[in-house]
Amino acid sequence: MFSGIIEYQGHVSAARRLDRDLEITVETGITDLALGESVAVNGVCLTVTAFDAAGKASFFISSETLDRTALGRIAVGRTVNLERAVTTGTRLSGHIVQGHVDGTARLLEVEKTGEGRRIVFSVPARLRRYLVEKGSITLDGISLTLNEVGAPGAEDSDPDAFRIALMIIPHTWDHTTLGTLKAGDAVNVEVDVIAKYVESICQYR
């Protein structure tokens, strides 16, 4: 389990295709990793399969994960957001994040507002029921607050998508990969798991 507070930015030093799977090596900067440890890489819970004392770690990404996330865009030289699993004594500064991606969103626009940024994404319509204004969402592993949540088809006539807007403070912009994104880039989306549990309880009570 994670909190969506990015601890490190790692750099991909190797990426090797294995049939339909992918193995990546990341210079994490984390010097006390453990074999089998879970690390959120751009919001996707991955397992450390090898590491060294300098913090170089390998991760295996299955075809299932590649099909359901935006990790397929990872290439040598890319920067990724990293977070280690929380401990029982950790402050939950973000929200409860599982590292289980629900889909991908596409960046539409970035607008500078004062020192911050207003960013807008297109999100699959099937995720709309889990999102509320001022609620939480995880984008590429970053716990963020939703400022605007549109309706499917309301703004771009696409019944299969809707728009969300978020205000990003300078610290988050500078210390995550958000500042490297370009219009059209895909990011991993995880909705608040509590919303999914509430839906299940109401559906099967």
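Residues numbered from 1 in each chain as written. Predicted model: local features only at pLDDT ≥ 70, side-chain atom pairs only at ≥ 80, totals over all residues. Heavy atoms only, no water.

**So, helix α3 (residues 193-204)**
Right, so step 1: Spanning 12 residues, α3 covers 17 Å between terminal C-alpha atoms, matching the ideal 16 Å at 1.5 Å per step.
Right, so step 2: Between the side-chain oxygen of the N-cap and the backbone nitrogen of I194 there are 3.1 Å, and the N-cap of α3 in question is D192. (Helix = DSSP H or I, 4+ residues; strand = E, 2+ residues; numbered from the N terminus. Expected span 1.5 Å × (residues − 1). Polar contact = N/O pair within 3.5 Å; in protein donor to acceptor, adjacent residues only side chain to side chain.)

**Here's the deal with the nonpolar core**
Right, so step 1: Residues F121, I137, I164 and L166 are the most contacted members of the largest nonpolar core, which totals 25 residues.
Right, so step 2: Elements represented by at least two residues in this core include exactly β7 (103-113), β8 (116-124), β9 (136-139), β10 (142-145), β12 (161-168) and β13 (186-191).
Right, so step 3: At 4 residues, the largest contribution of residues to this core is made by β12.
Right, so step 4: Those residues in contact with I137 that lie beyond four places of it in its chain are H95, L131, I142, S143, L144, L146, I164, L166, V189 and E190.
Right, so step 5: Counting residues in each nonpolar core, the second largest holds 20 residues, with L22, V26, V44 and A57 among its members. (Core = buried A, V, L, I, M, F, W, Y, C linked by side-chain atoms within 4.5 Å. Buried < 20%, exposed > 50% of the residue type's maximum accessible area, 1.4 Å probe, protein only. Contact = heavy atoms within 4.5 Å.)

**Some remarks on the sheet that holds strand β2 (residues 21-27)**
Right, so step 1: An order of β1-β2-β5-β4-β3-β6 is seen for the 6 strands of this closed barrel, with the pairing classed as antiparallel. For this sheet, the mean angle separating the axes of adjacent strands, direction not counted, is 45 degrees.
Right, so step 2: For strand β3 (residues 38-41) and strand β4 (residues 44-51), the ladder comprises 4 bridges, and the chain directions are antiparallel. Within the sheet, the bridge partner assigned to V41 lies in β4 and is V44. (Pairing = 2+ DSSP bridges. Axes fitted to C-alpha atoms, helices over the stretch in contact; angles between N-to-C directions.)

**Observations concerning the pairing of strand β5 (residues 56-61)**
Right, so step 1: Here β2 pairs with β5 via 6 bridges, running antiparallel. Residue pairing in the sheet places I24 in a bridge with F59 of β5.
Right, so step 2: Relative to β5, β4 runs antiparallel, the two sharing 3 bridges. Each residue of the ladder has a partner; that of F51, found in β5, is A57.

**Re the environment of A53**
Right, so step 1: Residue placement: A53 occurs in the loop between β4 and β5.
Right, so step 2: Through-space distance from the C-alpha of A53 to that of I30 is 8.5 Å; in sequence the pair is 23 residues apart.

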